[in-house]
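Structural description and commentary
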Amino acid sequence: MPRIAYVNGRYVAHRDAAVHIEDRGYQFADGVYEVCEVARGNLMDMTRHLDRLSRSLGELKMAWPMHRSALEIVLREVVRRNGVQNGLVYLQVTRGVAARDFLFPKDTASCMVVTAKSVDPRLAATRAETGIKVITLPETRWERVDIKSVGLLPNVLAKQAAKESGAQEAWFVDTDGNVKEGGSSNAWIVTADGKLVTRPAEHGILRGITRTTLFEVAAKLGLTIEERFFSVAEAKAAREAFISSATTIAMPVIEIDGAPVANGHPGSVVLSLREAFFDIAEKTKA
Ligand code: PDD
């Protein structure tokens, strides 16, 4: 099946899909995005993703590219046209195309691109059985990481550094030695007495949609969540550690900076969250 992308009002062949060289996303990273998981033919947590998109757009004083209900149709249509049962859908909105000038252009329509791709669910399942490794790095990003902006250079460099040291994710650490979040995921630990701990979303992290839904999953499983800071040292000594994102859901972390977490194997709490996630998350049929 040939891949199809949505670009500014048209469904086009993915290989030919292009935006103008003066798109402000390209020149200034002046845009926002969302990544939504597709599982068993459903867009997962679409309402929350579009609520967050709305917030990101608002913070950057950007207009919605189209009515929200029309945008929902485009997302579903792109998933359908690409025959995606399991994978992800990517949505990007930029401030549009205008002659390069730092100031907001006047009367310029925003630009929107949507793509979807299939990902074999067995890959994540296998990865969850082994777990992932993370490294820690000092925070290098701007303060507005609550906005899901396409300006991701520090994240790119951090994740590349992780890969080069044999890890799959990098955790940004604040100046007090507390873990913030990953390059493309939120960070969690499980304490010795079985409580889930994750950093408060108001303190220099992205409020992950998977993170929010995991609060509901945890409640259903009778687990307690503490939103508080935790240090790298506490994470290394924790019973379990894991990450969450639309592309990984809840994924065990078995090693931090080369040191094993607990016995170096995925923990049972994260695996139970992972297992229960699909049933509890909102599902929208493509
Ligand atoms: N990243 N923190 C950061 C910095 C992220 O980039 C992401 C998501 C998350 C988790 O958010 P959510 O649960 O809504 O996916 C946290 C996406 C998957 C990406 O950039 O590919």
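Residues numbered from 1 in each chain as written. Predicted model: local features only at pLDDT ≥ 70, side-chain atom pairs only at ≥ 80, totals over all residues. Heavy atoms only, no water.

1. Details of the site of the ligand
In plain terms, the rule: Note on definitions. A residue lies near a molecule or strand when any single heavy atom of the residue is within 4 Å of it. Polar contact criterion, stated in full: a pair of N or O atoms within 3.5 Å, where within protein one must be able to donate a hydrogen and the other to accept it, and residues adjacent in sequence count only if both atoms are side-chain atoms. Each accessible area value is a Shrake-Rupley result obtained with a 1.4 Å probe; residue values ignore everything except the protein chains displayed when judging cover. Put simply, DSSP H or I for four residues or longer makes a helix, DSSP E for two residues or longer makes a strand, and each gets a number counted from the N terminus. Residue type decides the class: Asp, Glu, Lys and Arg count as charged, Ala, Val, Leu, Ile, Met, Phe, Trp, Tyr, Cys and Pro as nonpolar, and the leftover types, Gly among them, as polar.
Near the ligand, the surroundings consist of 21 residues, among which Tyr33, Glu181, Ile209, Thr210 and Ala246 are the closest. Here a nitrogen atom of the ligand and a side-chain polar atom of Glu181 are 2.6 Å apart. Between the ligand and the protein, one listed contact pairs a nitrogen atom with a backbone N or O atom of Ser184 at 3.4 Å. Coverage of the ligand by the protein amounts to 90% of the 480 Å² it exposes when considered alone. Elements with a minimum of two residues in the shell around the ligand: strand S3 (31-39), helix H2 (46-59), strand S9 (179-182), helix H6 (209-220) and strand S13 (240-245). Grouping the amino acids of the shell around the ligand by side-chain chemistry returns five nonpolar, twelve polar and four charged.

2. Points about H2
Three or four residues apart is the spacing at which side chains of an α-helix point the same way, because the helix has 3.6 residues per turn. Cut-off, in case you're wondering: Here a helix's expected span is defined as the number of its residues, less one, multiplied by 1.5 Å. Categorising residues by exposure relies on relative accessible area from a 1.4 Å probe, with only protein chains included: less than 20% of the type maximum marks a residue as buried, more than 50% marks it as exposed, and the intermediate range marks it as partly exposed. Think of the arc as the fan of directions from the helix axis to the C-beta atoms. Contacts between residues were defined by any pair of non-hydrogen atoms, one from each residue, lying within 4.5 Å.
Its 14 residues give H2 an end-to-end C-alpha distance of 20 Å, which sits within 8% of 20 Å, the value for a rise of 1.5 Å per residue. Taken together, the buried positions of H2 are occupied by Met46, His49, Leu50, Arg52, Leu53, Ser56 and Leu57. Summarising the axial view, the buried residues of H2 lie within an arc of 160°, below the 170-degree limit, and thus occupy one face. In this structure, the buried side of H2 is in contact with S3, strand S4 (42-44), helix H3 (68-81), strand S5 (87-94), H6 and strand S16 (283-285). Within two residues after H2, Lys61 carries a phi angle of roughly 55°, on the positive side.

3. Focus on the nonpolar core
For clarity, the threshold we go by: Nine residue types can take part in a nonpolar core, namely buried Ala, Val, Leu, Ile, Met, Phe, Trp, Tyr and Cys, and a core is a set of them joined through side-chain atoms within 4.5 Å.
Leu75, Val89, Leu91 and Val114 are the most contacted members of the largest nonpolar core, which totals 25 residues. Counting residues per element, the ones that place at least two in this core are S3, H2, H3, S5 and strand S6 (111-118). In terms of residue count, H3 provides more of this core than any other element does, five residues in total. Residues in contact with Leu91, not counting those within four places in the same chain, are Val32, Tyr33, Glu34, Leu50, Leu53, Leu71, Leu75, Met112, Val113 and Val114. Ranked by size, the runner-up nonpolar core spans 19 residues in total, among them Ala128, Ile132, Val134 and Val197.

4. Some remarks on a nonpolar patch on the surface
The following threshold applies: Exposure above 30% relative accessible area and no salt bridge define the residues that can form patches, which grow by joining like charges within 9 Å and nonpolar side chains of Val, Leu, Ile, Met, Phe, Trp and Tyr within 5 Å. Think of a salt bridge as a Lys or Arg side-chain nitrogen and an Asp or Glu carboxyl oxygen that are within 4 Å of each other.
A cluster of nonpolar side chains, namely Leu153, Val156 and Leu157, defines an oily patch on the protein surface of about 310 Å² accessible area. Along the polypeptide, Leu153 turns up in helix H5 (residues 153-164). Taking relative accessible area as the criterion, Leu153 reaches 57% and is therefore assigned exposed.

5. Quick look at the side chain of Asn42
Note that Asn42 resides in strand S4. Judged by relative accessible area, Asn42 falls into the buried class, the value being 7%. One polar contact links the side chain of Asn42 to the main-chain carbonyl oxygen of Arg40, over a distance of 3.0 Å. Those residues in contact with Asn42, other than ones at most four positions away along the chain, are Glu37, Phe278, Lys283, Thr284 and Lys285.

6. Things to note about the packing of aromatic side chains
Between two aromatic rings, the relevant description is the distance of the centres plus the angle of the planes. Spelled out, the test is: Any two rings among Phe, Tyr and Trp, with Trp reduced to its six-membered ring, count as a pair given centres within 6.5 Å; such a pair is stacked if its planes are under 30 degrees apart, edge-to-face if over 60, and tilted if neither. Lysine and arginine charges are scored as sitting over a ring when NZ or CZ, respectively, is within 6 Å of the ring centre and within 35 degrees of the ring normal.
Summed over the entire model, instances satisfying the criterion amount to six aromatic pairs. Ring pairs connect the aromatic residues Trp188, Phe215 and Phe242, which therefore count as one cluster. The cationic tip of Arg40 hangs over the ring face of Phe278; the distance from NZ or CZ to the ring centre is 3.7 Å. Taking the ring centre of Phe104 as reference, the NZ or CZ of Arg95 above it sits at 3.6 Å.

Keep in mind these values describe shape, not function.
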